[in-house]
Amino acid sequence: MTIDVPRIQARVAELLAEYGIPSAAIGVLHDGAIAELAVGVKNAETREPATTDTVYQCGSMTKTWTALAFMQLVDEGKVDLDEPVRTYLPGFTVADPEASAEVTPRHLLCHTNGIEEAFGDPGEDDDVYERMIENIADAPQVFPLGRTHGYSAALGYAILARILEVHDDKRWDDVMRDRLFDPMGLTSTNSRREQADETRVATGHLIRSLDEGPIVTPVHYLPRAFGPGGNITSTTRDVLTMAHVFLTGGTAPSGQRIVSAASIRQVTRSRVPVPDPYLFGPEWALGLIVCDWHGETVYATDGSTIGQNARLRLLPDSNTAVAMLTNGGPRESFYHKVFNEILTDLGTTTIPDLPAPDATLDLDPSRYVGVYERPGARYEVSAERGQLYLTLVLDPMQAQFLQKPDRIRYELLPVSDTHFLMPPADPLEDTQTVSIYDFTNGTARYLHTNCRVNPRTG
């Protein structure tokens, strides 16, 4: 089966207008054939149309490329996923002696290292990842090594990048070019913003209200510290080239082997449970999220920068990959609607809905009430007449720019004794999911949402 491109384009145009997203570029790889389309504008001010050659920021999808390059080192026998990081970076030290001595590449790849992202300002120079590691000598643990899953936006993959740099004796950007981009034929993929063709790049947008519409983001790029975890720019066709590597057991469309089939199996099958299984998936592998769509295993890699978003879903059972890059959002309901239109055309499985709340649950609110926080994030869980609420505390400057209050309260509707739905507080939001869990001492120790873990502090 093939997708009805004109129908999909028309539907995407409707959804872009509904959600206030300026543009979307979409690529579908199905049984070796590629279909592409683009709708909307690269910049809401200039109104220049987006095309299938438009370059978008991929955000944390970058981690999947970094993981592939690291698995090449594994293939070469140069690193072992379960050897301590200190084997490859002898001076590696954080505040916790156990984490310093025992954290491994596997912990970093699947986000179970627990090290706080306390790397300060390492600058924008070529030694940025070396400086990040120097700067974390006093970084505390968010949770004990291996205790739970907690997403590391920048630090974990910067450590992996530094191992690559030391082994290859070149900077991470050059490692990626030499190990992946050139061998895979990725002519539109870059790791540094200066390398991207400015005539082709999309501009990021934020939305404060549907009436105002999308506005150009005031922050155009993430700092270089986020490079290995978030700074790759690409097109849908190049993203699908990466997808091809996973669907074919390690080979690029040209036939060139990028990683071994054993490494692809390792990447997909080495998994840890995710406390909040509903937003993305119930498990995290080595650079990929593992989803369960109506009993079928689907792999995902996503990314968001300040005003741009990337989504890729790999469906091995139907030899299919779907990629979407946008310069606005993110809204999970937008991605669900677009992808389900495409997947329905292809006759494959579709994205499942969120579970319904369980009104029969009789929870003890005292087990959940408390403050859960990390630098830059604070969640206050309270109870009134047996009903749980979550108050999100925003940074005052962020709240002012987004024209939101700095404290937003949500209902928590239980799905189980550890999982909750959080209905939207305004029309620009979707229902979110939250896990409050680990009752070792009678009260919850952690709150997990949007893949991030926040320990109880009060």
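Structural notes, computed from the coordinates. This one's a predicted model, so the numbers in the text were calculated from it and none came from an experiment. (Residues numbered from 1 in each chain as written. Predicted model: local features only at pLDDT ≥ 70, side-chain atom pairs only at ≥ 80, totals over all residues. Heavy atoms only, no water.)

### Brief notes about the sheet that holds strand β19 (residues 432-437)
- Taken in spatial order, the five strands make up an open sheet running β17-β18-β19-β20-β21, and their pairing is antiparallel. Unpaired on one side and paired on the other, β17 (413-414) and β21 (452-455) mark the two borders of the sheet.
- Pairing of β19 with strand β20 (residues 446-449) involves four bridges; the strand directions are antiparallel. Across the sheet, the residue bridging to Y437 is Y446, located in β20. (Pairing = 2+ DSSP bridges. Helix = DSSP H or I, 4+ residues; strand = E, 2+ residues; numbered from the N terminus.)

### Here we look at the sheet that holds strand β7 (residues 272-273)
- Overall, antiparallel pairing links the eight strands, which are arranged β2-β1-β12-β11-β10-β9-β8-β7 in an open sheet. Looking at strand neighbours, the two that pair on one side only are β2 (33-40) and β7, the edges of this open sheet.
- Bridge count for strand β10 (residues 296-304) against strand β11 (residues 309-315) is six bridges, and the pairing is antiparallel. By the bridge assignment, D302 is partnered in β11 with R311.

### Remarks on the pattern of salt bridges
- In this structure the tally under the stated criterion is 34 salt bridges.
- Here R192 and D126 are joined by a salt bridge, their closest N and O atoms 3.6 Å apart. Of this pair, R192 sits in the loop between α7 (172-184) and β4 (205-207) while D126 sits in the loop between α4 (105-109) and α5 (128-135), and the two are 66 residues apart along the sequence.
- The salt bridge involving R177 is made with D182; its shortest N-O contact spans 3.9 Å. (Salt bridge = Lys/Arg side-chain N within 4 Å of Asp/Glu carboxyl O.)

### Concerning the nonpolar core
- Among the nonpolar cores identified, the biggest contains 111 residues, and W65, F92 and L312 are the most heavily contacted of them.
- Of the residues forming this core, the biggest block, eight residues, is contributed by helix α6 (residues 155-168).
- Those residues in contact with L312, other than ones at most four positions away along the chain, are M61, V239, L240, M242, A243, Y299, A300, T301, D302, A321, V322 and A323.
- By size, the runner-up hydrophobic cluster in this structure holds 18 residues, among which are L388, L390, F420 and V434. (Core = buried A, V, L, I, M, F, W, Y, C linked by side-chain atoms within 4.5 Å. Buried < 20%, exposed > 50% of the residue type's maximum accessible area, 1.4 Å probe, protein only. Contact = heavy atoms within 4.5 Å.)

### Remarks on the packing of aromatic side chains
- What the rule picks out here adds up to seven aromatic pairs.
- Summarising the aromatic geometry, the rings of Y151 and W284 are spaced 5.7 Å apart at their centres and angled 50° between planes, so their arrangement reads as tilted. Of this pair, Y151 sits in the loop between α5 and α6 while W284 sits in strand β8 (residues 283-284); the two residues are 133 residues apart in sequence, bridging distant segments of the chain. Across this residue pair, the class does not change: Y151 and W284 are buried.
- With 5.5 Å between their ring centres and 85° between their planes, Y368 and F420 make a pair best called edge-to-face. (Phe/Tyr/Trp six-rings, centres within 6.5 Å; stacked < 30°, edge-to-face > 60°.)

### A short note on the environment of T344
- Note that T344 resides in helix α11 (residues 332-346).
- The spacing of T344 and I3 is 341 residues in sequence and 8.7 Å in space, taken between C-alpha atoms.

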